[in-house]
Amino acid sequence: MKKYKAIFFDWDGTAVLSRKAPVDEVIVPMKKLLAQEIKLIIVSGTTIENIAGGKLNEYFTKEELKNLYMGLGRGAYNYAYDEEGQPYLLSHRIPEKEELMKIHRVCYEVHEILFNNYDFQTDVLFSRPNYCKIDLMVANRREENLFFQESELEILKKNLDDYGFAGGLTGLVKLAEKVADKYGMNLSVTTDAKYLEIGVSCKSDNVNLFLDYLSEKYGINAEDCTFWGDEYIGLDEGLFGSDSYMKTDCTRRGDFFDVSEAKGKRPDGVKVLGGGVQTFIRFLSEQGLDN
């Protein structure tokens with residue numbers, strides 16, 4: 001089994017089943033790897049408060065935390081840990097208020113077009129640091145299960161057809177990009193079927209930043225890394241889930257794995273393992289074994 005110097009991984013649905021699920025099981029192999037100076041990089045669309053209740057650092061020693069990083073908020077925040085074991089920002093991509101307000105206007109206009117032209121109702125979440133979320137399925141609640149669910153994709157596609165929007169998810173992305181262009185903005189538009197997310201960055205920005213950092217500081221290159229997630233799935237023609245954005249020109253020589261059970265296409269080079277959280281925890285445990 002190949003041993004990696006750095007492991008990038010999604011949190012919800014990959015390392016833990018949900019944000020309220022116990023984290024103890026994944027912490028055990030993480031601690032062993034961190035003690036061996038293997039770099040672990042959590043890459044998630046959420047904020048630091050939603051990773052182990054904002055108390056992830058309390059599970060590790062100060063020495064272990066030197067090897068732990070977090071790329072959060074769709075490229076918004078990139079964290080390392082200081083000598084006292086506290087998280088600090090290596091970098092961020094938070095727009096000025098004027099730019100953020102333009103993103104808000106883009107998202108509201110997309111919402112307005114869907115409602116005015118198609119009677120398709122959405123909700124817009126404006127509170128994110130550098131993007132907005134448009135809820136495409138306002139009647140469908142995930143509760144704490146934030147991972148991709150196949151049923152949602154089929155429900156959304158049927159809803160779009162029923163309301164006369166013929167472009168599917170790809171059409172929604174193109175609509176958002178067109179509106180952004182009207183405002184003079186080149187925005188990152190992603191989707192997981194339930195939400196359309198529109199902002200200045202995505203997971204690509206997180207992984208590229210950390211790969212550059214690890215390469216400069218430790219000589220770790222893409223081929224020394226692996227990237228794990230549960231949302232690589234193809235959603236529409238040429239459109240893939242949020243974890244697919246970890247696969248960039250910079251990271252493409254790494255190894256990519258999907259623990260989702262969902263049937264469908266993945267980007268070239270992504271190996272589908274299935275098995276969910278347990279598959280990922282087993283991988284971490286095997287990585288921690290002595291040669």
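For the structure, see preceding data.
The structure reproduced in this document is the subject of the present report. (Residues numbered from 1 in each chain as written. Predicted model: local features only at pLDDT ≥ 70, side-chain atom pairs only at ≥ 80, totals over all residues. Heavy atoms only, no water.)

Looking at helix α5 (residues 168-182)
Counted at 1.5 Å a residue, the expected span for α5 with its 15 residues is 21 Å, and the 21 Å between its end C-alpha atoms agrees. Those residues of α5 that sit buried are Gly168, Leu169, Thr170, Gly171, Leu172, Val173, Leu175, Ala176, Val179 and Ala180. (Helix = DSSP H or I, 4+ residues; strand = E, 2+ residues; numbered from the N terminus. Expected span 1.5 Å × (residues − 1). Buried < 20%, exposed > 50% of the residue type's maximum accessible area, 1.4 Å probe, protein only.)

Side note on the side chain of Thr14
Position of Thr14 among the secondary structure elements: in the loop between β1 (6-9) and α1 (24-35). The buried category is assigned to Thr14, whose relative accessible area is 0%. Looking at Thr14, its side chain comes within polar contact range of the side chain of Asp10, at 3.3 Å. (Polar contact = N/O pair within 3.5 Å; in protein donor to acceptor, adjacent residues only side chain to side chain.)

Focus on unusual backbone geometry
Negative phi characterises most residues that are not glycine, and trans characterises most peptide bonds. In this structure, Asp119 takes a positive phi of about 55 degrees despite not being glycine. Within the fold, Asp119 resides in the loop between α3 (97-118) and β6 (123-125).

Points about the packing of α1 against helix α7 (residues 276-287)
One way to put it is that α1 packs onto α7 with a least axis distance of 8 Å and a crossing angle of 25 degrees. By the criterion of interaxial angle, the relationship of α1 to α7 is roughly parallel. Both α1 and α7 take part in a crossing whose hand is left-handed. Judged by residue contacts, Glu25, Val26, Pro29, Met30 and Leu33 of α1 engage Gln278, Phe280, Ile281, Leu284, Ser285 and Gln287 from α7. Classifying every residue of the contact of α1 with α7 by side-chain character gives seven nonpolar, three polar and one charged. (Axes fitted to C-alpha atoms, helices over the stretch in contact; angles between N-to-C directions. Parallel < 35°, antiparallel > 145°, perpendicular 65-115°, else oblique. Left-handed = near helix turned anticlockwise from the far one by under 90°. Contact = heavy atoms within 4.5 Å. Nonpolar A, V, L, I, M, F, W, Y, C, P; charged D, E, K, R; others polar.)

Comments concerning the sheet that holds β1
Pairing in this open sheet of eight strands is mixed, and the strands run β5-β4-β3-β2-β1-β10-β13-β14 from one edge to the other. Looking at the sheet topology across the chains shown, the edges are occupied by β5 (87-92) and β14 (270-272). On average, each strand axis in the sheet is tilted by 20 degrees relative to the strand beside it, whichever way the strands run. Those strands touched by α1 are β1, β2 (39-44) and β3 (68-72), and its axis lies near 130 degrees from that of β2. On top of the sheet, α7 reaches β1 and β10 (225-229); it is set at about 170 degrees to β1, its chief contact. (Pairing = 2+ DSSP bridges.)

With respect to the sheet that holds strand β8 (residues 188-191)
Spatially, the four strands line up as an open sheet ordered β6-β7-β9-β8, and their pairing is antiparallel. The two strands at the open ends of the sheet, each matched to only one other strand, are β6 and β8. Going across the sheet, the axis of each strand differs from the next one's by a mean of 20 degrees, ignoring polarity. Looking at chain direction, strand β7 (residues 131-135) and strand β9 (residues 195-199) are connected through five bridges and run antiparallel. Among the inter-strand pairings, Tyr131 is bridged to a residue of β9, identified as Gly199. Against the sheet, α3 touches β6, β7 and β9, its axis set at about 15 degrees to β7. Of the strands in this sheet, β8 and β9 are in contact with α5, which crosses β8 at around 155 degrees.

Observations concerning the pairing of strand β13 (residues 255-258)
Each regular strand shows side chains that alternate between the opposite faces of the sheet. Pairing of β10 with β13 involves four bridges; the strand directions are parallel. The residue bridging Trp228 from the neighbouring strand is Phe257, located in β13. Relative to β14, β13 runs parallel, the two being bridged by three bridges. Opposite Phe257, over in β14, you have Lys271 as the bridge partner.

What about the pattern of salt bridges?
Considering all chains together, one arrives at 16 salt bridges under this definition. Where Asp255 meets Lys2, a salt bridge forms, and the shortest distance between an N and an O atom there is 3.4 Å. Note that Asp255 is positioned in strand β13 and Lys2 in the segment before β1, a separation of 253 residues in sequence. Between Asp10 and Lys203 there is a salt bridge; the shortest N-O distance is 3.2 Å. Residue Asp10 is found in the loop between β1 and α1, and its partner Lys203 is found in helix α6 (residues 203-218); the two are separated by 193 residues along the sequence. For the pair Asp10 and Lys203, a shared accessibility class is recorded, and that class is buried. (Salt bridge = Lys/Arg side-chain N within 4 Å of Asp/Glu carboxyl O.)

Observations regarding the environment of Gln287
Summarising the element assignment, Gln287 is placed in helix α7. Distance from Gln287 to Asn117, taken between C-alpha atoms, is 53 Å for residues 170 residues apart in sequence. If we skip the residues at most four places from it in the chain, Gln287 touches Met1, Lys2, Lys3, Tyr4, Ile7, Leu33 and Gln36.

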